[in-house]
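Structural overview for review
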Amino acid sequence: MGFVSRFLLFIYTLFFALMALGIIVLTTGLVPSGEIFSVVSYWLGRMETVAIAAVIFLISIELMASGCFSKSDGSAKGGALVHGEKGDVSISSAAILETVERLARSMSGVYTVKARARFRHGKESCKVLLHLDLGIAPQGNAVQIANQLQNDIKEYLSSYMGIDDLEIGINIDGIRQIERKKRVV
């Protein structure tokens, strides 16, 4: 359920809570019923009442549909499911991201790494979508560093984790000189 549906559900619940409070007030006799009936008869003849009722009806249909039907696109954030010979193996997102960041930091010319992962679970396999934001040193070629990193990650995840369906996007966030500390004598 998305943010908009949650907000509508909050408003919808608040509306029904106020309506229930109004029924309690009517049944206990705190407000004279003659005044209530005159206000109700006034509002029943107005077009605004029809508009409000139509909006409440549409909100009801939207909330019912969002509760019954999932709007998921098949992506999950929990991890990858790899089919092994003896059964399925679940690999957590944290394990994959930690491995990818460690591999990227070990490359010469890379000084910062920020990785994100999404997973699309299909019937036969799980597709892993990785996105890396890198900061590199100016000594290397950005395209060569990105290609080498993509090859290393694909090879490592394939051989050690069994993840073959992999898509890697790399974004170079910055290029900076790696400062060397000056010696003080």
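A brief look at the structure comes next. These numbers were taken from a predicted model, which means no experiment stands behind them.

**Digging into the overall build of the chain**
Along its length, the chain carries five helices and six strands. Taken from the N to the C terminus, the helices and strands of the chain come in the order α-α-α-β-β-β-α-β-β-α-β. In terms of overall dimensions, the chain is more spread out than a globule: its C-alpha atoms have a radius of gyration of 29 Å, far above the 16 Å expected for 185 residues. With respect to the three principal axes, the spread of C-alpha positions in the chain is 90 × 60 × 30 Å. For the chain, the proportion of contacts with a sequence separation of at least 24, taken over those separated by at least 6, is 63%. For the chain, the exposed surface amounts to about 13,500 Å²; the carbon and sulfur share of it is 61%. Computing the positive centroid from 19 side-chain charges and the negative centroid from 17, the chain places the two 8 Å apart.

**Some thoughts on the packing of aromatic side chains**
A full pass over the atoms with the stated rule returns four aromatic pairs. Taken together, the ring pairs in this structure connect Tyr12, Phe15 and Phe16 into an aromatic cluster.

**Section: the packing of helix α4 (residues 93-106) against helix α5 (residues 142-161)**
In contact at an axis separation of 10 Å, α4 and α5 are set at 135 degrees when each is read in the N-to-C sense. Regarding the angle of α4 to α5, the classification is oblique. Classified by chirality, the crossing of α5 by α4 is right-handed. Residue-level contacts link Ala95, Ile96, Thr99, Val100, Arg102, Leu103 and Ala104 of α4 to Leu149, Asp152, Ile153, Tyr156, Leu157 and Met161 of α5. For the contact of α4 with α5, the per-class residue count stands at 10 nonpolar, one polar and two charged.

**With respect to helix α3 (residues 47-68)**
An ideal rise of 1.5 Å per residue puts 32 Å on 22 residues; α3 measures up with 32 Å between its terminal C-alpha atoms. Taken residue by residue, α3 has Ile59, Leu63 and Ser66 as its buried positions. Buried residues of α3, seen end-on, are gathered within an arc of 65 degrees and therefore sit on one face of the element. Seen from the open side of α3, the exposed residues pointing more than 90 degrees away from its buried face are Met47, Phe57, Leu58, Met64 and Cys68. Where α3 is buried, its residues contact α1 (3-28).

**Observations concerning the pattern of salt bridges**
Side-chain pairs of opposite charge can arise whenever the charged atoms involved come near each other. Per the stated rule, a full pass over the model turns up four salt bridges. One salt bridge connects Glu48 with Arg46, and the closest N-O pair in it is separated by 3.1 Å. Residue classification places Glu48 among the partly exposed positions, given a relative accessible area of 38%. Looking at Arg46, the relative accessible area reads 29%, which means it is partly exposed.

**Quick word on the nonpolar core**
In summary, soluble globular proteins display a tendency toward joint burial of nonpolar side chains. Counting residues in each nonpolar core, the largest one holds 28 residues, and the members touching the most others are Ile96, Leu130, Leu132, Ile153, Leu157 and Ile163. When residues of this core are traced back to their parent elements, those giving at least two are β2 (79-83), α4, β4 (110-121), β5 (126-136), α5 and β6 (166-175). Those residues within four positions of Ile163 in sequence are excluded, and the remaining contacts are Ala80, Val82, Ile91, Ile96, Val128, Leu157 and Ser158.

**Side note on a nonpolar patch on the surface**
Side chains of Phe3, Val4, Phe7, Phe10, Ile11, Leu14, Leu18, Leu21 and Ile24 sit close together on the surface and give an oily, nonpolar patch of about 960 Å² of accessible area. Here Phe10 lies in helix α1. Judged by its relative accessible area of 51%, Phe10 is exposed.

**Looking at the side chain of Thr99**
Structurally, Thr99 can be placed in helix α4. Look at Thr99 and you get buried, because its relative accessible area is 8%. Not counting residues up to four positions away in its chain, the partners in contact with Thr99 are Tyr156, Leu157 and Met161.

What counts as what
- Residues numbered from 1 in each chain as written.
- Predicted model: local features only at pLDDT ≥ 70, side-chain atom pairs only at ≥ 80, totals over all residues.
- Heavy atoms only, no water.
- Helix = DSSP H or I, 4+ residues; strand = E, 2+ residues; numbered from the N terminus.
- Rg over C-alpha atoms; globule rule 2.2 N^0.38 Å.
- Contact = heavy atoms within 4.5 Å.
- Areas by Shrake-Rupley, 256 points an atom, 1.4 Å probe, with all protein chains shown as cover.
- Lys, Arg positive; Asp, Glu negative; His and termini not counted.
- Charge placed at Lys NZ, Arg CZ, Asp CG, Glu CD.
- Phe/Tyr/Trp six-rings, centres within 6.5 Å; stacked < 30°, edge-to-face > 60°.
- Axes fitted to C-alpha atoms, helices over the stretch in contact; angles between N-to-C directions.
- Parallel < 35°, antiparallel > 145°, perpendicular 65-115°, else oblique.
- Left-handed = near helix turned anticlockwise from the far one by under 90°.
- Nonpolar A, V, L, I, M, F, W, Y, C, P; charged D, E, K, R; others polar.
- Expected span 1.5 Å × (residues − 1).
- Buried < 20%, exposed > 50% of the residue type's maximum accessible area, 1.4 Å probe, protein only.
- Arc of directions from axis to C-beta.
- Salt bridge = Lys/Arg side-chain N within 4 Å of Asp/Glu carboxyl O.
- Core = buried A, V, L, I, M, F, W, Y, C linked by side-chain atoms within 4.5 Å.
- Patch = residues over 30% accessible without salt bridge, like charges linked within 9 Å, V, L, I, M, F, W, Y side chains within 5 Å.

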